[in-house]
Amino acid sequence: SLETTMHRSRVYWEDVLAPALRSGQTLLVVGHENNLRSLIMRLEDISPKDIINLSLPRAVPLAYRLGTDLKPLDRDDGKLDEATGFLRGTWLGGDGAVKEILERDHKQVYDTSVVENLETKSPNDKYKAWNDVNAYERCRKANGAGRVVTGRLPHNGEIIQKVAAN
(Lines give C-alpha, C1' and ligand atoms only; values in the text may rest on other atoms or scores of the structure.)
Protein backbone atom coordinates (compact mmCIF):
# COMPACT_ATOMS: atom_id res chain seq x y z
CA SER A 1 0.00 0.00 0.00
CA LEU A 2 1.03 3.61 -0.42
CA GLU A 3 0.89 4.06 3.37
CA THR A 4 3.50 1.36 4.07
CA THR A 5 5.57 2.52 1.11
CA MET A 6 5.53 6.05 2.54
CA HIS A 7 6.84 4.76 5.86
CA ARG A 8 9.71 2.91 4.16
CA SER A 9 10.53 5.87 1.92
CA ARG A 10 10.50 8.24 4.93
CA VAL A 11 13.21 6.16 6.59
CA TYR A 12 15.22 6.07 3.34
CA TRP A 13 14.75 9.83 2.86
CA GLU A 14 15.83 10.68 6.41
CA ASP A 15 18.70 8.18 6.72
CA VAL A 16 20.17 8.16 3.20
CA LEU A 17 18.86 10.71 0.71
CA ALA A 18 18.58 13.88 2.81
CA PRO A 19 22.06 13.55 4.38
CA ALA A 20 23.61 12.93 0.96
CA LEU A 21 21.82 15.96 -0.51
CA ARG A 22 22.85 18.15 2.43
CA SER A 23 26.46 17.14 1.83
CA GLY A 24 26.18 18.48 -1.74
CA GLN A 25 25.83 15.21 -3.63
CA THR A 26 23.78 14.88 -6.81
CA LEU A 27 21.64 11.76 -6.62
CA LEU A 28 19.97 9.43 -9.09
CA VAL A 29 16.99 7.71 -7.48
CA VAL A 30 15.47 4.78 -9.36
CA GLY A 31 12.47 2.88 -8.13
CA HIS A 32 9.02 1.45 -8.64
CA GLU A 33 6.20 3.92 -9.33
CA ASN A 34 4.76 3.70 -5.79
CA ASN A 35 8.19 4.26 -4.21
CA LEU A 36 8.82 7.27 -6.41
CA ARG A 37 5.30 8.56 -5.86
CA SER A 38 5.83 8.48 -2.07
CA LEU A 39 9.11 10.42 -2.38
CA ILE A 40 7.53 12.95 -4.74
CA MET A 41 4.61 13.31 -2.34
CA ARG A 42 7.09 14.32 0.39
CA LEU A 43 9.08 16.65 -1.88
CA GLU A 44 6.10 18.40 -3.46
CA ASP A 45 3.79 18.38 -0.41
CA ILE A 46 1.07 16.59 -2.39
CA SER A 47 -1.84 15.31 -0.30
CA PRO A 48 -2.61 11.58 -0.05
CA LYS A 49 -5.94 12.30 -1.77
CA ASP A 50 -4.20 13.91 -4.77
CA ILE A 51 -1.15 11.66 -5.05
CA ILE A 52 -3.24 8.73 -6.30
CA ASN A 53 -3.89 10.79 -9.44
CA LEU A 54 -0.18 11.14 -10.22
CA SER A 55 0.94 8.77 -12.95
CA LEU A 56 4.63 8.45 -13.70
CA PRO A 57 6.11 7.29 -17.00
CA ARG A 58 8.58 4.43 -17.01
CA ALA A 59 12.25 5.18 -17.64
CA VAL A 60 11.98 8.95 -18.13
CA PRO A 61 14.12 10.88 -15.67
CA LEU A 62 12.59 13.71 -13.64
CA ALA A 63 15.16 16.25 -12.43
CA TYR A 64 14.69 18.46 -9.38
CA ARG A 65 16.67 21.47 -8.22
CA LEU A 66 16.34 21.65 -4.45
CA GLY A 67 16.73 24.56 -2.06
CA THR A 68 18.58 24.40 1.25
CA ASP A 69 15.33 23.16 2.84
CA LEU A 70 15.43 20.22 0.37
CA LYS A 71 12.20 21.41 -1.27
CA PRO A 72 11.96 21.77 -5.06
CA LEU A 73 12.79 25.14 -6.53
CA ASP A 74 10.40 26.48 -9.14
CA ARG A 75 11.06 25.54 -12.74
CA ASP A 76 12.62 28.15 -15.00
CA ASP A 77 9.20 28.89 -16.52
CA GLY A 78 7.63 29.22 -13.05
CA LYS A 79 4.93 26.69 -13.90
CA LEU A 80 4.12 23.13 -12.89
CA ASP A 81 4.95 20.47 -15.46
CA GLU A 82 2.48 20.17 -18.35
CA ALA A 83 2.57 16.37 -18.36
CA THR A 84 1.01 15.81 -14.91
CA GLY A 85 0.16 19.31 -13.69
CA PHE A 86 1.57 18.43 -10.24
CA LEU A 87 5.34 18.79 -10.33
CA ARG A 88 8.06 21.43 -10.16
CA GLY A 89 10.63 18.98 -11.51
CA THR A 90 11.76 18.93 -15.15
CA TRP A 91 11.16 15.87 -17.34
CA LEU A 92 14.37 15.24 -19.25
CA GLY A 93 12.31 13.89 -22.16
CA GLY A 94 10.29 17.11 -22.25
CA ASP A 95 6.77 17.73 -20.95
CA GLY A 96 5.17 17.05 -24.35
CA ALA A 97 6.77 13.65 -24.79
CA VAL A 98 5.89 12.62 -21.22
CA LYS A 99 2.30 13.78 -21.69
CA GLU A 100 2.04 11.59 -24.82
CA ILE A 101 3.47 8.61 -22.93
CA LEU A 102 1.05 9.05 -20.04
CA GLU A 103 -1.92 9.41 -22.39
CA ARG A 104 -0.85 6.28 -24.26
CA ASP A 105 -0.41 4.33 -21.02
CA HIS A 106 -3.80 5.47 -19.73
CA LYS A 107 -5.44 4.43 -22.98
CA GLN A 108 -3.64 1.07 -22.90
CA VAL A 109 -4.93 0.34 -19.39
CA TYR A 110 -8.43 1.83 -19.40
CA ASP A 111 -9.65 1.87 -23.02
CA THR A 112 -11.21 -1.55 -23.52
CA SER A 113 -11.47 -1.02 -27.28
CA VAL A 114 -7.65 -1.14 -27.57
CA VAL A 115 -6.63 -4.63 -28.73
CA GLU A 116 -2.93 -4.06 -29.45
CA ASN A 117 0.07 -3.01 -27.42
CA LEU A 118 0.31 0.74 -27.96
CA GLU A 119 3.81 0.80 -26.56
CA THR A 120 5.23 -1.19 -29.47
CA LYS A 121 3.18 0.55 -32.18
CA SER A 122 5.22 3.53 -33.49
CA PRO A 123 6.89 4.52 -30.19
CA ASN A 124 7.71 8.13 -29.49
CA ASP A 125 11.33 8.79 -30.48
CA LYS A 126 12.16 10.66 -27.28
CA TYR A 127 10.73 7.84 -25.15
CA LYS A 128 12.61 5.25 -27.20
CA ALA A 129 15.85 7.13 -26.65
CA TRP A 130 15.53 6.76 -22.88
CA ASN A 131 15.13 3.02 -23.25
CA ASP A 132 17.97 2.58 -25.72
CA VAL A 133 19.94 -0.47 -24.63
CA ASN A 134 23.01 0.80 -26.47
CA ALA A 135 23.60 3.76 -24.13
CA TYR A 136 26.78 2.23 -22.74
CA GLU A 137 28.07 1.45 -26.23
CA ARG A 138 27.47 5.05 -27.35
CA CYS A 139 29.32 6.27 -24.28
CA ARG A 140 32.26 3.95 -25.00
CA LYS A 141 32.44 5.08 -28.64
CA ALA A 142 32.62 8.68 -27.44
CA ASN A 143 36.18 7.90 -26.32
CA GLY A 144 35.31 8.04 -22.66
CA ALA A 145 33.59 11.41 -23.00
CA GLY A 146 30.74 10.27 -20.78
CA ARG A 147 29.81 8.05 -17.89
CA VAL A 148 27.00 5.59 -17.39
CA VAL A 149 25.62 5.10 -13.89
CA THR A 150 23.71 1.91 -13.26
CA GLY A 151 22.33 0.47 -10.10
CA ARG A 152 19.61 -1.48 -8.37
CA LEU A 153 17.26 -0.59 -5.58
CA PRO A 154 18.94 -0.71 -2.18
CA HIS A 155 17.92 -3.30 0.37
CA ASN A 156 17.78 -2.44 4.08
CA GLY A 157 19.50 0.90 3.59
CA GLU A 158 22.47 -0.36 1.58
CA ILE A 159 23.74 1.90 -1.18
CA ILE A 160 24.80 0.21 -4.37
CA GLN A 161 26.29 2.12 -7.26
CA LYS A 162 28.38 1.06 -10.21
CA VAL A 163 30.02 3.59 -12.50
CA ALA A 164 31.41 2.44 -15.83
CA ALA A 165 33.58 4.62 -18.06
CA ASN A 166 34.62 3.67 -21.60
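Right above here is the structure, for reference.
Residues numbered from 1 in each chain as written. Predicted model: local features only at pLDDT ≥ 70, side-chain atom pairs only at ≥ 80, totals over all residues. Heavy atoms only, no water.

**As for the overall build of the chain**
Summing up its helical and strand segments, the chain has six helices and four strands in all. The N-to-C order of helical and strand elements in the chain reads α-α-α-β-β-α-α-α-β-β. When burial is assessed residue by residue, the chain has 28% of its 166 residues classed as buried. When contacts within the chain are restricted to residue pairs at least 6 apart in sequence, those whose partners lie at least 24 apart make up 49%. Carbon and sulfur atoms make up 51% of the accessible area of the chain, which amounts to about 11300 Å² in all. (Helix = DSSP H or I, 4+ residues; strand = E, 2+ residues; numbered from the N terminus. Buried < 20%, exposed > 50% of the residue type's maximum accessible area, 1.4 Å probe, protein only. Contact = heavy atoms within 4.5 Å. Areas by Shrake-Rupley, 256 points an atom, 1.4 Å probe, with all protein chains shown as cover.)

**Here we look at unusual backbone geometry**
We note that D45 has phi near 55 degrees; this positive angle belongs to a residue other than glycine. Within the element layout of this structure, D45 appears in the loop between α2 (33-44) and α3 (48-51). Residues other than glycine seldom take positive phi values, yet L70 does so here, at roughly 65 degrees. Inspection of the secondary structure assignment puts L70 in the loop between β1 (62-63) and β2 (90-91). Relative accessible area serves as the criterion here: at 7%, L70 is assigned to the buried category.

**Brief notes about the nonpolar core**
Grouped together as the largest cluster of nonpolar side chains are 14 residues, with contacts concentrated most on I40, I46, I51, L54, L87, W91 and V98. Of all the secondary structure elements, the ones that give two or more residues to this core are α2 and α4 (95-110). Considering each element in turn, this core owes the most residues, three residues, to α4. Counting six residues, the second-largest nonpolar core is a separate cluster that includes L17, A18, L39 and L70. (Core = buried A, V, L, I, M, F, W, Y, C linked by side-chain atoms within 4.5 Å.)

**Points about the pattern of salt bridges**
Per the counting criterion, the structure on display carries nine salt bridges. We note a salt bridge from D105 to R58, for which the minimum N-O separation is 3.4 Å. With a gap of 47 residues between them, D105 in helix α4 and R58 in the loop between α3 and β1 connect regions that are remote in the sequence. Judged by relative accessible area, D105 falls into the buried class, the value being 14%. Close ionic contact of D95 with R75 constitutes a salt bridge, the shortest N to O distance being 2.9 Å. Residue D95 is located in helix α4, and its partner R75 is located in the loop between β1 and β2; the two are separated by 20 residues in the primary sequence. (Salt bridge = Lys/Arg side-chain N within 4 Å of Asp/Glu carboxyl O.)

**Here we look at the packing of helix α1 (residues 2-22) against α2**
Running from amino to carboxyl end, α1 crosses α2 at an angle of 65 degrees, the nearest separation of the two axes being 9 Å. The angle between the axes of α1 and α2 places the two elements in the roughly perpendicular class. The two elements α1 and α2 meet at a crossing, and its hand is right-handed. Where α1 abuts α2, its residues L2, T5, M6, R8, S9, R10, W13 and L17 lie against N34, N35, S38, L39, M41, R42 and L43. Residues that form the contact of α1 with α2 fall into these classes: seven nonpolar, five polar and three charged. (Axes fitted to C-alpha atoms, helices over the stretch in contact; angles between N-to-C directions. Parallel < 35°, antiparallel > 145°, perpendicular 65-115°, else oblique. Left-handed = near helix turned anticlockwise from the far one by under 90°. Nonpolar A, V, L, I, M, F, W, Y, C, P; charged D, E, K, R; others polar.)

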